[in-house]
Amino acid sequence: MSALTPIPDREPPKSIADAETLSAVLALETYLNPAAFPCDEATVTAMRGQLTSGRLVVIRDAFVPSFAERIHRSLDACTTWHVYEGYEKHFHYHHHNLYKTSEYPPDLAWCDQIFGSPATKALATRLSARECMGPTAVSASWYLPGDHSLPHTDAVPGSAAANRQVAFIWHLARDWRSEWGGALFWCPKSLYLPPVFNTLVLFNVGPDTHHFVTEVSPYAQGKRLAINGWWTGPSTVGGRGRPQAGPERLEGGPASIETY
């Protein structure tokens, strides 16, 4: 079985070997680019320090190219996008998404399983120093011209076991130009971060993690595609962090990992 072949619906594994094989196939670490995002203890520890201090972590070329290309093709060919729009006090959003799992194309459903697997949630827990073993929320977004999201923190209370702990955005926009908008604006550092293909963005969710997506220009020629979501769990572990002064790359880590 190819490592990039989706796992069909199947009965629970009948042996330890079957369980280990399934766990490896659905572990996010299996698809990470080891040159860009090594999951060795030194890198995980350094990233944990950045996330717990309230920083945004940006990983370029985060996944192996074959995985990124496959999920991009799936979203690019999808025809079941829906418009979502909402108004609240001081907040408004308008964008196109795939939220209903029944409408996910097969490769997005497979991606959902990977981001929500026990092995992946254990990695998120190690990276964030937060309990992330609750249900994982995974969706896809396509920001068309005019789409946007005003400033918000993602800190929306959930159930007792499903508070948002760590946010992830996996950019899958091909050949996107910064003048087309659609950038993630990270308010704590006034950072304008245009979407770049196969870039993974992570942050520990909290009351200070304000961010927004700038409006997509009517002149945009590409598709601003992304996988978005949160690893969830009970109340946060450890104190609430604020961005600290310091290096904007992991000390001793790969140049592909930036922090803000």
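Residues numbered from 1 in each chain as written. Predicted model: local features only at pLDDT ≥ 70, side-chain atom pairs only at ≥ 80, totals over all residues. Heavy atoms only, no water.

### Details of the overall build of the protein
Which entries qualify depends on this criterion: Labels follow the DSSP assignment, with helices taken as runs of H or I lasting at least four residues and strands as runs of E lasting at least two, numbered in each case from the N terminus. Accessibility here uses a 1.4 Å probe with only protein chains present; expressed as a share of the type maximum, an area under 20% marks a residue as buried, one over 50% as exposed, and anything in between as partly exposed. It only takes one pair of heavy atoms within 4.5 Å for two residues to be counted as in contact. Each accessible area value is a Shrake-Rupley result obtained with a 1.4 Å probe; residue values ignore everything except the protein chains displayed when judging cover.
The helix and strand inventory of the protein stands at 5 helices and 12 strands. The 260 residues of the protein split such that 50% are buried. Summarising the internal contacts of the protein: among those between residues at least 6 apart in sequence, 79% fall at separations of at least 24. As presented, the protein carries roughly 12000 Å² of accessible surface, and 57% of it is formed by carbon and sulfur atoms.

### Thoughts on the pairing of strand 5 (residues 148-152)
Test applied: Here, any two strands with at least 2 DSSP bridges between them count as paired.
Sheet topology places strand 3 (residues 91-98) next to strand 5; 2 bridges connect them, and they run antiparallel. What sits directly across from tyrosine 93, in strand 5, is serine 149. Examined bridge by bridge, strand 5 and strand 10 (residues 211-213) share 2 bridges and lie antiparallel to one another. Paired with histidine 152 across the bridge in strand 10 is histidine 211.

### Some thoughts on helix 5 (residues 118-128)
Put simply, the rule reads: Regarding the arc, it is the one traced by the directions from the helix axis to the C-beta atoms.
Among all positions in helix 5, only Thr120, Lys121, Leu123, Ala124, Leu127 and Ser128 are buried. An end-on view of helix 5 places all buried positions within 155° of arc, on one side of the element. Downstream of helix 5 by a residue or two, alanine 129 has a phi angle that is positive, lying close to 60°.

### Brief notes about the packing of helix 2 (residues 41-52) against helix 5
Stated precisely, the cut-off is as follows: To get an axis, fit a line to the C-alpha atoms, keeping to the stretch in contact for a helix; angles then go from 0 to 180 degrees between the N-to-C directions.
Where helix 2 contacts helix 5, the two axes come as close as 6 Å, and the packing angle between them is 65°. Here Glu41, Val44, Met47, Arg48, Leu51 and Thr52 of helix 2 lie close against helix 5, whose contacting residues are Arg126, Leu127 and Ser128.

### Digging into unusual backbone geometry
Of note, the phi angle at aspartate 61 is positive, near 50°, even though the residue is not glycine. Its place among the elements puts aspartate 61 in the loop between strand 1 (57-59) and helix 3 (65-77). Residue aspartate 61 is classed as partly exposed on the basis of its relative accessible area, which comes to 45%. Positive phi values are uncommon outside glycine, yet histidine 90 reaches one of about 65°. Within the secondary structure, histidine 90 sits in the loop between strand 2 (82-88) and strand 3.

### What to know about the packing of helix 3 against helix 4 (residues 106-115)
Condition: Should an angle lie under 35 degrees it is considered roughly parallel, over 145 roughly antiparallel, and from 65 to 115 roughly perpendicular; all remaining angles are considered oblique. Gly falls in the polar group here, along with every residue not listed as nonpolar (Ala, Val, Leu, Ile, Met, Phe, Trp, Tyr, Cys, Pro) or charged (Asp, Glu, Lys, Arg).
Orientation of helix 3 relative to helix 4, taken along the N-to-C sense of each, is 130°, at an axis distance of 9 Å. By the angle between their axes, helix 3 is oblique relative to helix 4. Seen from helix 3, the contacting residues are Phe67, Arg70, Ile71, Ser74 and Leu75; seen from helix 4, they are Asp107, Leu108, Trp110, Cys111 and Ile114. For the contact of helix 3 with helix 4, the class distribution of residues is 7 nonpolar, 1 polar and 2 charged.

### Overview of the pattern of salt bridges
Filter applied, for reference: Between Lys or Arg on one side and Asp or Glu on the other, a salt bridge is scored when a side-chain nitrogen of the former is within 4 Å of a carboxyl oxygen of the latter.
Applying the stated rule across the entire model yields 7 salt bridges. We note a salt bridge from lysine 223 to aspartate 76, for which the minimum N-O separation is 3.1 Å. Taken together, the residues span a long stretch of sequence, with lysine 223 in the loop between strand 10 and strand 11 (224-233) and aspartate 76 in helix 3 at a distance of 147 residues. On the accessibility criterion, lysine 223 (25% relative accessible area) is partly exposed. On the basis of relative accessible area, aspartate 76 is assigned to the partly exposed category, the value being 36%. The shortest N-O distance in the salt bridge between arginine 177 and glutamate 179 comes to 2.6 Å.

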